[in-house]
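# Architecture at a glance
Chain by chain, the residues run as shown.
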Amino acid sequence: MENIKNKVIIITGASSGIGAAAARKLVSLGAKVVLAARRGDQLKAMVGELGNNAMYVTTDVSKRADLDNLVNQAISNFGHIDVLWNNAGIMPLSFFDEGLVDEWDKMIDVNIKGVLYGINAVLPHMLARGQGHILATSSVAGIKTTPGIGVYSSTKFAVRAIMETLREEVAKTIKVTTVYPGATQSELGHDITSLKIKAAFGNLSGIPKMDEDAVANAVIYAISQPDHINVNEVVLRPLGQTR
């Protein structure tokens, strides 16, 4: 893990779940982390826990200016950026015939635009330095869809396309990694309002789930590789998850 030490790593969606778990592990390995999420109070508490190698910037990834500010603040504080992990995402699942269009719009804004805005904000800095690493959290729903997850799955397929295209464009200098987690113990899905989803799946508690550390460890594995190795994709599911 020597390649982790002193790396400056931005994590969006860092106030809970896999983002928070990874931040704690990365700081313990000697990284400097920049925590980004909408809930500034939780980020502030985390920085108090993690110490001087952590900072936070309250960030709404659906706003381009917020991502630009996040990158600028990280550079101002730590001098440069080695890694950006576009991890923020939401998952208010529903069936198409329920017509929850406002929720579709929110998923597009966070899950797709948030990734694009993050890339746009950090890429010029990384290209100027001639090095860097951009990661994004897709989902196994970005590999295979199923009834009830159509819009969410579409956003995660979009992340897959964005990241693979980015990888091909910058492969000579910038590392690009897409992470495809299966069901994970996290807040993801807490905002489901669909009555049909609740009738079909309840509160999603009955399906096999990984703990947050499993995904955090996969991300750390990708970040820790030698400079000449790029882990392009990581797919992981809990044992028992078939889709």
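All of the points below concern the structure found in this document. (Residues numbered from 1 in each chain as written. Predicted model: local features only at pLDDT ≥ 70, side-chain atom pairs only at ≥ 80, totals over all residues. Heavy atoms only, no water.)

This part is about the overall build of the chain. The helix and strand tally for the chain stands at 7 helices and 7 strands. Taking 18 Å as the expected radius of gyration for a compact globule of 243 residues, we find that the chain reaches 17 Å, a close match to that expectation. Each of the 243 residues in the chain was classed as buried or not, and the buried ones make up 52%. For the chain, the proportion of contacts with a sequence separation of at least 24, taken over those separated by at least 6, is 70%. (Helix = DSSP H or I, 4+ residues; strand = E, 2+ residues; numbered from the N terminus. Rg over C-alpha atoms; globule rule 2.2 N^0.38 Å. Buried < 20%, exposed > 50% of the residue type's maximum accessible area, 1.4 Å probe, protein only. Contact = heavy atoms within 4.5 Å.)

All right, on to helix α1 (residues 17-28) then. Compared with an ideal rise of 1.5 Å per residue, which puts 12 residues at 16 Å, α1 spans 17 Å between its outermost C-alpha atoms and is within 8% of the ideal. Summarising burial for α1: 9 of the 12 residues are buried, a large majority. Residues of α1 that are buried include every one of G17, I18, G19, A20, A21, A22, A23, L26 and V27, and no others. Those residues of α1 hidden inside the fold are in contact with β1 (8-12), β2 (32-37), α2 (40-50), β4 (83-86), β5 (133-137) and α7 (212-223). Just beyond α1, the residue with positive phi is G30, at close to 100°. (Expected span 1.5 Å × (residues − 1).)

Okay, the pattern of salt bridges next. If the charged atoms of two oppositely charged side chains come close together, the side chains can form a pair. Considering all chains together, one arrives at 5 salt bridges under this definition. Ionic pairing is found between D82 and R129, a salt bridge with its closest N-O pair at 3.4 Å. Residue D82 is found in the loop between α3 (64-78) and β4, and its partner R129 is found in helix α4 (residues 101-129); the two are separated by 47 residues along the sequence. Overall, D82 belongs to the buried group, its relative accessible area being 10%. Close ionic contact of R167 with E164 constitutes a salt bridge, the shortest N to O distance being 2.7 Å. Of the two residues, R167 and E164 are both situated in helix α5 (residues 150-170); the distance of 3 residues between them amounts to about one turn of the helix. Taking the relative accessible area as the measure of exposure, R167 reaches 22% and is therefore partly exposed. (Salt bridge = Lys/Arg side-chain N within 4 Å of Asp/Glu carboxyl O.)

Further remarks concern the nonpolar core. Membership of the largest hydrophobic core comes to 45 residues, with the highest contact counts inside it found for I10, V34, I119, I134, M163 and L166. In terms of residue count, α4 provides more of this core than any other element does, 10 residues in total. Setting aside residues up to four positions removed in sequence, L166 forms contacts with I119, L123, I134 and V176. One finds A20, V27, A37 and V219 within the second-largest nonpolar core, a separate group that totals 35 residues. (Core = buried A, V, L, I, M, F, W, Y, C linked by side-chain atoms within 4.5 Å.)

Looking now at unusual backbone geometry. Positive phi, normally seen in glycine, also occurs at N6, with a value near 70°. Looking at where N6 falls in the secondary structure, it is placed in the segment before β1. Classification of N6 as partly exposed rests on a relative accessible area of 45%.

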